[in-house]
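Below, each chain spelled out in residue letters.
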Amino acid sequence: MPELPEVEALAAFLDERLSGHAVVAATPVAIQALKTYDPPLSALVGAEVAGVRRHGKFLDFSVGDVHLVIHLARAGWIRWREELPVEPPRPGKGPLALRVRMGDPGGGFDVTEAGTKKGLAVYVVRDPAEVPGIARLGIDPLSEDFTVEELGRLLEGERRQIKGVLRDQSVLAGIGNAYSDEILHAAKMSPFKLAAKLTPTEVEELHRDTIATLTDAVERSRGLPMKDLKSEKKSGLRVHGRTGEKCPVCGDTVREVSFADSSLQYCPTCQTGGKPLADRRMSRLLK
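Structural notes, computed from the coordinates. Bear in mind the structure is a predicted one, so any value in this text is a computation, not a measurement. (Residues numbered from 1 in each chain as written. Predicted model: local features only at pLDDT ≥ 70, side-chain atom pairs only at ≥ 80, totals over all residues. Heavy atoms only, no water.)

Some details on the sheet that holds strand 7 (residues 108–113)
Here is step 1: Judged by pairing direction, the sheet is antiparallel, and its 4 strands sit side by side in the order 1-6-7-5 without closing on themselves. Bordering the open sheet on either side are strand 1 (23–28) and strand 5 (76–81), each of which pairs with just one other strand. When strand polarity is set aside, the average angle formed by the axes of neighbouring strands in this sheet is 15°.
Here is step 2: The sheet contact formed by strand 6 (residues 96–102) and strand 7 spans 5 bridges and is antiparallel. Directly across from R99, in strand 7, lies its bridge partner D110.
Here is step 3: Strands strand 5, strand 6 and strand 7 of the sheet are contacted by helix 1 (residues 4–18), whose axis makes an angle of about 25° with strand 5. (Pairing = 2+ DSSP bridges. Helix = DSSP H or I, 4+ residues; strand = E, 2+ residues; numbered from the N terminus. Axes fitted to C-alpha atoms, helices over the stretch in contact; angles between N-to-C directions. Contact = heavy atoms within 4.5 Å.)

Digging into the nonpolar core
Nonpolar side chains tend toward joint burial in soluble globular proteins.
Here is step 1: Counting 38 residues, the largest nonpolar core has L14, L18, L59, F61, L68, I78 and F109 as its most contacted members.
Here is step 2: Of all the elements, helix 1 adds the most residues to this core, at 7 residues.
Here is step 3: Ignoring anything within four residues of it in the chain, the contact list for L68 reads L41, L44, L59, D60, F61, L98, F109, V122, Y123 and V124.
Here is step 4: Counting 26 residues, the second-largest nonpolar core is a separate cluster that includes L4, V165, L184 and V218. (Core = buried A, V, L, I, M, F, W, Y, C linked by side-chain atoms within 4.5 Å. Buried < 20%, exposed > 50% of the residue type's maximum accessible area, 1.4 Å probe, protein only.)

A word on the packing of aromatic side chains
Here is step 1: Inspection of every chain in the model, using the stated rule, returns 1 aromatic pair.
Here is step 2: Seen in terms of ring centroids, F61 and F109 are 5.3 Å apart; in terms of plane orientation they differ by 10°. Their pairing is stacked. With F61 in strand 3 (residues 58–63) and F109 in strand 7, this pair connects stretches of sequence that are 48 residues apart. Both residues of the pair, F61 and F109, count as buried. (Phe/Tyr/Trp six-rings, centres within 6.5 Å; stacked < 30°, edge-to-face > 60°.)

In structure tokens form, the structure reads like this:
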């Protein structure tokens with residue numbers, strides 16, 4: 001799933017290429033991806049793109065008097081094309097969900113979604129806050145408002161495990177499964193530690209490592225072609241998706257805990273005092 005660093009890079013890439021240019025056509029291909037009907041998708045046509053920005057994991061295209069908002073979900077992506085096919089796309093079972101054609105200097109982008117579990121969402125709204133997912137977003141961890149004190153306030157009395165809190169978009173906007181694993185590894189913290197039990201020192205370290213991990217990922221992605229962002233993300237991860245490999249910090253074997261529709265990875269030596277976590281739902285440290 002694209003998370004904050006990749007969406008930030010996508011927004012920068014698209015902002016550079018789209019700002020100041022008008023939309024010539026916006027063609028829906030996967031109708032189920034379009035979540036709004038007023039304003040219609042046709043409201044984009046003929047309007048100029050003022051800019052592209054990020055809200056959590058959402059992309060926000062400011063186009064004339066409306067906003068095209070896209071959430072890429074687990075398997076969505078955006079593909080920039082210098083030249084789009086002349087013939088209009090046909091609805092079908094392929095990955096294409098939306099095609100946006102730009103005016104001078106031409107080109108445009110395709111919004112695609114792989115797989116059969118469709119979660120990609122496209123909205124056309126007058127205000128981004130009209131999108132429910134944006135309205136409920138918590139603080140952006142790369143904003144100036146994300147201070148140690150604010151993180152401490154968010155965690156105070158929080159009875160959930162810290163892994164779940166980091167992934168909760170209503171708490172911190174933009175962090176998903178991969179980067180929560182990376183942040184906790186950098187902070188040398190068990191993913192199952194109760195958030196409310198973090199000491200002031202641990203809160204400070206978690207704050208520092210959250211910013212450092214995300215900033216480093218953003219910087220690695222900056223300026224890369226869109227087609228290279230996924231491989232860059234994967235190459236930069238130290239524990240997530242690396243079950244069975246050696247931890248780059250201590251050399252221990254990276255372990256995994258599996259759930260119904262996801263999994264997490266961690267290093268026992270770095271994060272859990274050498275103790276493996278039970279690989280089952282609601283797992284706790286083995287005694």
